[in-house]
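Working through the structure, step by step
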Amino acid sequence: MNAPLSPILFDVDARRPVPPAMVAALKARFGERCSTARAVCEQHGRDESPIDVPPPEVVVYCESTEEVAAVVQLAHEHAVPVIPYGVGSSLEGHLLAVQGGVSIDLSRMNQLLRVNAEDLTVTVQAGVTRMQLNREIKDTGLFFPIDPGADATIGGMCATRASGTNAVRYGTMRENVLGLTVVTASGEVIRTGTRARKSSAGYDLTRLFVGSEGTLGVMTEVTLRLYPLPEAVSAAICFFPTIDAAVQTTISIIQMGVPIARCELLDPNAVRAVNRHDKLTLREAPMLLMEFHGSEAGVAEQAATVQDIAREYGGEDFEWARTPEERTRLWTARHHAYLAALQMRPGCRAVTSDTCVPISRLAESINESVKEAEGAGLPYFIVGHVGDGNFHLAYLIDPNLPEERETAERLNLQMVERALRLEGTCSGEHGVGLHKMGFLVTEAGDGAVEMMRTVKRALDPRNIMNPGKIFTL
């Protein structure tokens, strides 16, 4: 395995300073929207990963594609790294300035540009967040289903090929992005895809950029698929005697073809954390949180089938949430699980992993991971979009104790090795970033990674687009 067992180190000599002439040009163009203030740079040099890297030297707040292109053209001229920034919620070090450079903050690019309700499409700027998007299209009777938990920007979700709680029914960003506007490494603006639902015209550049983690270009506008709001929605929670019983229930639900919209696992540690954080009284046992979409009759049929399956594995205390307020209460608690868990050990950092395996191997993957976690002695919690074979395990470590970080990384290594052995992947949705670069080599092989490098060199010959991520050049 090629992943490190100790905190990731960086070669300080690899950092490329921003020349004074470039800083002056940026300040002349952007005024107060170009900042070199230490606090601003540090804010843009930190995500939710446990990795510490010196921040970028400059932050520029862009408000249009043309402004992004202007920054990138200067960066290309001076061979200075460019790192796109949304809301900073990534988990694998994607936005860290490992080679210094300029952070392009896209959060002010937050406009819905075009809603085509009759075609079930919308075009947005990259800084629009998923919750903002759904608020602004609510009166159309449509919604955008991809829900990674954090209120991430659409551009960031494209960059990491995000998925989340609804992926078991609606797919990931890969299936739901129709077209992009991208600023390339030379500062040229290109457009990929169309609003048509399919195309066989040339290379699929849209899919090339989705999941590229900012290493090939800066995505500034995105055209997305939308879906009609379902006629009926019902959510339920069910508790199980063991994590294995909850997982076996999930496997049976999927293998029977039940079109469940969401199927989330919380282990007792995660339930305990959300109880304390959201002042709930959920039973602190392995729990499935499920949601059903469709017609009234269809939802009732799905729910009855799932209840029967759950009972076979000892599931009990089924609780239904049929009103929007009840469902919001449950899903808010689920989305708070990460932050809630961090508060269980004040001052901690989380070392996370999110492997994904074929659904038939899910029980083996989780059971062995739980066994290792229990034996390690570190606080941990598990949440998972188990309906599509994806789960997250996070260790809560004291950042002042290197031995805890080393233990967490060793366990993470074992978890990923297991997923790959079971024909799965090192990341279902977090992406590679810095943390999983070695895992990618093991998963894809030297030849495939070298092909990725060839694409990167061709599209970004000066290596300025988020350098040092996914793989080394």
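Residues numbered from 1 in each chain as written. Predicted model: local features only at pLDDT ≥ 70, side-chain atom pairs only at ≥ 80, totals over all residues. Heavy atoms only, no water.

1. Comments concerning the packing of aromatic side chains
Counted according to the given criterion, the structure contains 5 aromatic pairs. A ring pair is formed by Tyr-170 and Tyr-227, whose centres lie 5.1 Å apart and whose planes are at 70°; its orientation type is edge-to-face. With Tyr-170 in helix α6 (residues 167-170) and Tyr-227 in strand β11 (residues 227-228), this pair connects stretches of sequence that are 57 residues apart. Each member of the pair, Tyr-170 together with Tyr-227, is buried. Residues Phe-292 and Trp-320 carry aromatic rings whose centres are separated by 6.0 Å and whose planes lie at 40° to one another, so their mutual orientation is tilted. Of this pair, Phe-292 sits in strand β14 (residues 287-294) while Trp-320 sits in strand β15 (residues 316-321), placing them 28 residues apart in sequence. You can call Phe-292 buried: its relative accessible area is 0%. We note Arg-29 situated over the ring of Phe-30; from NZ or CZ to the ring centre the distance is 5.6 Å. If you follow Arg-262 out to its NZ or CZ, it ends over the ring of Trp-331, 4.1 Å from the centre. (Phe/Tyr/Trp six-rings, centres within 6.5 Å; stacked < 30°, edge-to-face > 60°. Helix = DSSP H or I, 4+ residues; strand = E, 2+ residues; numbered from the N terminus. Buried < 20%, exposed > 50% of the residue type's maximum accessible area, 1.4 Å probe, protein only. Lys NZ or Arg CZ within 6 Å of the ring centre and 35° of its normal.)

2. Some remarks on the sheet that holds strand β9 (residues 189-193)
Strands sit in the order β5-β6-β10-β8-β9 across an open sheet of 5 strands; the sheet is antiparallel. If you trace the sheet from one side to the other, it starts and ends with β5 (112-116) and β9, each paired once. Ignoring which end each strand starts from, the neighbouring axes of this sheet average 15° apart. Summarising the sheet, strand β8 (residues 177-184) and strand β10 (residues 217-225) pair through 7 bridges and their orientation is antiparallel. From the neighbouring strand, Val-183 faces β10, where its bridge partner is Val-218. (Pairing = 2+ DSSP bridges. Axes fitted to C-alpha atoms, helices over the stretch in contact; angles between N-to-C directions.)

3. Some details on the pattern of salt bridges
The tally for this structure, following the rule as stated, stands at 24 salt bridges. Put simply, Arg-334 and Glu-264 hold a salt bridge, and the shortest N to O gap is 2.8 Å. Linking Arg-334 in helix α12 (residues 324-335) with Glu-264 in strand β13 (residues 262-266), this pair joins segments that are 70 residues apart in sequence. Looking at Arg-334, the relative accessible area reads 8%, which means it is buried. When salt bridges with common partners are traced through the structure, they connect Arg-33, Glu-63, Glu-67 and Arg-108 into a single cluster. (Salt bridge = Lys/Arg side-chain N within 4 Å of Asp/Glu carboxyl O.)

4. What to know about the sheet that holds β15
Pairing in this open sheet of 7 strands is antiparallel, and the strands run β15-β12-β14-β13-β17-β18-β16 from one edge to the other. The sheet terminates laterally at β15 and β16 (349-353), the two strands that pair on one side only. Taken pair by pair, the neighbouring strands of this sheet meet at an average axis angle of 15°, ignoring direction. Against the sheet, helix α14 (residues 362-376) makes contact with β13, β17 (380-385) and β18 (390-397), and its axis sits at roughly 10° relative to β18, the strand it touches most. (Contact = heavy atoms within 4.5 Å.)

5. Here we look at the confidence of the model for the chain
Residues with a pLDDT of 70 or more make up 97% of the chain, whose mean pLDDT is 93. In the model, residues 1-7 has pLDDT below 50 throughout and makes 18 contacts with residues more than four positions away in sequence or in other chains. (pLDDT = per-residue confidence, 0-100.)

6. Quick notes on the nonpolar core
Across soluble globular proteins, you tend to see nonpolar side chains buried next to one another. Residues Leu-265, Met-290, Leu-362, Ile-366 and Tyr-395 are the most contacted members of the largest nonpolar core, which totals 42 residues. Take this core: its biggest share by element is 6 residues, from helix α9 (residues 243-255). Ala-235, Leu-266, Ala-321 and Ala-350 belong to the second largest nonpolar core, which has 29 residues in total. (Core = buried A, V, L, I, M, F, W, Y, C linked by side-chain atoms within 4.5 Å.)

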